[in-house]
Structures are given as structure tokens and as C-alpha cells.
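Summary of the model geometry
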Amino acid sequence: KEIVVPSSSHTYSVWIGEGLLKNVSKYLQKEYSSIFVITDDVVEKLYLQTLLESLPKVHKAVAVVAAGEQSKNITTYYRLQTEAIEAGLDRNSLIIALGGGVVGDIAGFVAATYMRGIDYIQVPTTVLAHDSSVGGKVAINHEQGKNLIGSFYPPAAVLYDVDTLATLPPQEIRSGYAEIVKEALISDKEAFERLLQVNLHDLTKEELQEHLSFGIEVKTAIVTADEKEKGERKFLNLGHTLGHAIETELQYQLLKHGEAVAVGLLFSLFVSEDLFQADVSFSKLYGWLSDNGYPLPAEMLDPEILLKRMKTDKKAQAGKVQMVLLKDIGQPTTAVLDDEQIVHYIKRFRERLV
Ligand code: NAD
Ligand code: ZN
């Protein structure tokens with residue numbers, strides 16, 4: 001299946017299906033002088049060989065980063081640039097990001113800045129990366145916060161081979177599904193209701209592919225309308241204000257990105273129900289998250305600490321926290337909350353979770 005994504009610099013395709021990794025050459029639209037593959041040490045063992053065998057016979061080099069969010073840092077970024085220079089990459093070279101969102105984000109940022117920008121292709125291998133591989137946001141983290149150093153730099157293509165998802169541990173499936181739930185919440189009530197019918201423990205390949213396509217289509221529609229996040233692209237940050245605060249506070253240990261986002265999504269529904277007196281399915285989502293094994297650690301939710309973290313969020317305005325909320329499912333909006341409100345809501349939310 002092909003999903004076409006327009007962007008201000010070029011239009012690119014997201015290919016989603018089985019067996020793509022064995023046929024990467026078919027999807028390359030140019031002849032590149034050399035190819036530089038960036039992956040992590042887990043994905044390397046699983047899929048690097050298959051990818052390399054499917055590439056055209058040009059000069060190739062591979063760089064491997066340690067698996068995990070900790071690699072999205074300036075030191076690793078600099079090392080990758082050094083390896084790219086030493087591998088002799090020129091302006092007509094291609095970078096391939098083979099892995100999850102971490103590899104995609106850092107490899108994309110390397111591509112965006114190497115000699116002022118060279119082509120790159122996303123080959124996502126996690127459920128979560130359906131989100132990160134589309135839309136052109138690339139970044140690394142700063143000690144002070146997530147994704148603070150980055151760029152908008154769309155890929156030349158996205159090749160999403162769903163066969164690679166078979167090796168994902170349950171925690172990574174959960175993490176990725178939080179973003180699909182998010183995409184449903186901001187766009188489509190029926191899709192949300194249908195999604196909550198599934199049990200992540202016995203997901204079929206067909207369901208998975210359908211959900212991933214749905215998520216990519218929602219994301220594509222939004223980034224097409226608002227590539228540079230002046231308006232509605234902000235809605236994709238539903239759940240992320242608290243989610244990022246939790247992640248940063250835990251130094252990316254214990255909870256996966258999507259698991260932290262899941263807590264953030266639930267919090268957004270909690271605040272929305274109170275602020276707008278609307279039924280946006282807080283209880284329903286709470287039930288589904290619990291049934292599917294999402295950690296909802298009330299004891300980690302320290303209101304004052306999280307408030308401080310939430311204020312370094314990129315969406316913060318004049319020192320106040322801005323959150324994405326829902327007037328109804330499929331009807332996102334943003335609201336600026338003052339410090340007392342945030343602290344108050346985190347306290348009450350925490351009480352609901354225990
Ligand atoms: P990840 O890249 O760390 O992958 C998760 C783990 O799964 C890693 O340990 C990895 O080695 C392993 N893994 C990957 N593929 C596997 C496979 N097929 N089988 C077995 N194990 C596999 O994390 P992620 O959840 O994919 O992505 C999270 C990152 O994405 C975060 O840094 C987040 O900020 C970023 N993100 C970016 C955007 C964006 O628009 N750019 C959007 C959402 C998230
Ligand atoms: Zn996310």
C-alpha cells in the first residue's frame with residue numbers, strides 16, 4: 001500500500017506491506033553514489049543483513065548506535081557525522097535509517113545537516129515509528145529536554161515492512177499503540193471505539209497493518225495541512241506535555257515513550273472532562289490501558305516536579321503550560337493552564353489512579 005505525503009520541499013511515498021526489506025532497491029528513485037545505513041545494536045542483529053543484501057551495488061557503510069533513547073544525544077550525533085565523513089559520503093549519498101523512532105530521529109537529523117542536507121530513507125521497525133517516520137520532524141535531545149535540537153526535514157521515502165514487527169516485545173507494541181490511540185482520539189470517534197475493541201495480546205497481522213495505515217493517514221492529513229506546526233499539527237502532541245515531562249524526569253528509564261504518552265493521554269482526557277464538562281471516554285481509556293498492561297504509576301506523578309518539566313515543553317507559552325485537550329473525541333483544541341491548575345489536576349488525577 002502506498003500513502004503519498006506532500007511536503008514543502010518534495011512529495012514522498014510511505015510504502016507499507018510485507019517483504020519490503022528484501023526489495024529496497026526497487027523503491028530507490030535515484031542512483032546514489034554511496035549508502036550509509038544507521039541502525040541500533042538490536043535491529044542490527046535482526047535485519048541489517050537482509051537490508052544490505054537488498055541494496056544496489058554501490059559503496060556502503062554502516063554505523064551502529066546503542067539501542068534506546070539515550071542515543072539521541074549530541075555526542076552520538078557528532079560521532080555519526082564523523083563516520084559519515086570518514087565513509088566519504090558526498091552530496092549525492094543516501095542515508096538509510098533502519099530501526100525505531102530513535103534511529104529515525106537521529107539519522108534524519110544527521111541527514112538534514114550533513115553537508116547542509118542529503119537524502120535519507122526511513123525504514124521503521126517499530127509500531128511507534130509509524131508516527132516518527134512520517135512528517136519530517138527530526139531531532140536529538142538536550143539535557144534540558146526532549147527533541148530541543150532539530151529540524152523539519154522530510155525523508156525521500158518511508159519503507160515500512162510489517163514483517164519486521166514480529167520480533168517486537170509486548171512493551172514496544174504497547175508503546176506504539178499509544179500513538180495510534182492518540183491519532184484516533186484527535187480525529188475519529190468511531191475509529192477510537194473500534195480500536196479499543198482490540199486486545200494487544202492477540203493482535204492479528206491484518207489488524208496491525210490496518211491500524212498502522214490508519215495512523216499514518218491521520219498523521220499525513222495533519223502534516224499536509226500544517227507542516228511547520230503553526231496550528232493543527234500541535235494536536236499530534238495530545239498526551240505529550242505530561243508524557244515528555246514523565247519521560248525526562250525518569251531519564252527515559254522504566255517507561256517507553258508511548259507508555260509515558262499513554263499516561264499523558266489519560267491525563268488529557270481527565271482534564272478535558274473537568275474543564276469542558278464533556279464525556280471524552282476517560283473511564284473507557286483507563287479500562288483499556290489497564291487491560292492491556294500499560295503501567296499507570298501514580299506514585300511517579302509528583303505535581304511540582306512535573307509542572308517544572310512541563311514548562312520546558314516546546315509548546316509552553318510565556319512560562320505557562322499549554323496542553324492539547326478534547327472538546328469531544330475528534331475535536332482537539334489547545335488550552336493554556338496556569339501553575340495552580342496543573343498542580344491541582346495532577347493531584348486529582350493521581351488520586352483517580354490508585
Ligand atoms: P526505539 O527506536 O528506541 O525502539 C524501541 C526498542 O525496540 C529499541 O530497543 C530497539 O532496539 C528495539 N527494536 C526496534 N525494532 C525492533 C524489532 N523489529 N524487533 C525487536 N526490537 C526492535 O523507540 P521507538 O519507540 O521506536 O521511538 C521512540 C522515539 O521516537 C522517541 O525518541 C520519540 O521522541 C520519537 N518520536 C519522534 C516523532 C517524530 O515526529 N519525529 C514522533 C513520535 C516519536
Ligand atoms: Zn510521541
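Reading the values: rules and limits
Residues numbered from 1 in each chain as written. Chains lettered and ligands numbered in written order. Predicted model: local features only at pLDDT ≥ 70, side-chain atom pairs only at ≥ 80, totals over all residues. Helix = DSSP H or I, 4+ residues; strand = E, 2+ residues; numbered from the N terminus. Rg over C-alpha atoms; globule rule 2.2 N^0.38 Å. Buried ≥ 20, exposed ≤ 12 C-beta atoms within 10 Å, placed from the backbone. Contact = placed C-beta atoms within 7 Å. Pairing = 2+ DSSP bridges. Near = placed C-beta within 6 Å. Nonpolar A, V, L, I, M, F, W, Y, C, P; charged D, E, K, R; others polar. Domains from an automatic or database assignment. Axes fitted to C-alpha atoms, helices over the stretch in contact; angles between N-to-C directions.

**Observations concerning the overall build of the chain**
In terms of helices and strands, the chain carries 12 helices and 11 strands. Over its C-alpha trace the chain gives a radius of gyration of 20 Å, about what one expects of a compact globule, namely 20 Å for 354 residues. The buried share of the chain, taken over its 354 residues, is 47%. Long-range pairs, those at least 24 residues apart, make up 74% of the contacts in the chain between residues at least 6 apart in sequence.

**Examining the pairing of strand S9 (residues 157-161)**
Where burial is concerned, most of S9 is hidden: 5 out of the 5 residues are buried. Neither face of S9 is left uncovered, since the one carrying Ala157, Leu159 and Asp161 and the one carrying Val158 and Tyr160 both have all their residues buried. Here strand S2 (residues 12-17) runs beside S9; their pairing, made up of 5 bridges, is parallel. Within S9, the position partnered with Ser13 by the bridge is Ala157. Bridge count for strand S6 (residues 119-124) against S9 is 2 bridges, and the pairing is parallel. Across the sheet, residue Gln122 finds its bridge partner in S9, namely Val158.

**What to know about the environment of His211**
Along the chain, the position of His211 falls in helix H7 (residues 205-225). Note on His211: 23 C-beta atoms within 10 Å, which makes it buried. Between the alpha carbons of His211 and Lys189 there is a distance of 14 Å; along the sequence they are 22 residues apart. Every residue in contact with His211, bar those within four places of it in the chain, is listed here: Ile180 and Leu195.

**Some thoughts on the site of ligand 1**
Close to ligand 1 lie 32 residues; Val42, Ala67, Gly100, Gly101 and Ser132 are nearest. The set of elements that each furnish at least two residues to the shell around ligand 1 consists of helix H1 (41-53), helix H3 (101-113), helix H4 (129-132), strand S8 (145-152) and helix H5 (170-187). Residues belonging to the shell around ligand 1 are distributed by class as follows: 10 nonpolar, 13 polar and 9 charged. Both domains that meet at the shell around ligand 1, namely domain 1 (2-166) and domain 2 (169-353), each give it at least three residues.

**Let's talk about the domain arrangement of the chain**
Taken domain by domain, the chain holds domain 1 (2-166) and domain 2 (169-353). Domain 1 and domain 2 are separated by 26 Å when their C-alpha centres are compared. Counting residues at the interface gives 23 residues for domain 1, matched by 27 residues for domain 2. Elements with a minimum of two residues in the side of domain 1 that touches domain 2: strand S1 (2-5), S2, H4 and S8.

**A look at the sheet that holds strand S3 (residues 34-40)**
Pairing is mixed in the open sheet, where 7 strands are placed in the order S1-S2-S9-S6-S5-S3-S4. Of all the strands in the sheet, the pair left with one neighbour each is S1 and strand S4 (59-65). Each strand axis lies, on average, 15° off the axis of its neighbour in the sheet, ignoring direction. Where S3 meets S4, 7 bridges bridge the pair, whose relative direction is parallel. Of the residues in S4, the one forming a bridge with Ile38 is Ala63. Relative to strand S5 (residues 94-99), H3 is tilted by about 170°, and along the sheet it contacts S3, S4, S5 and S6.

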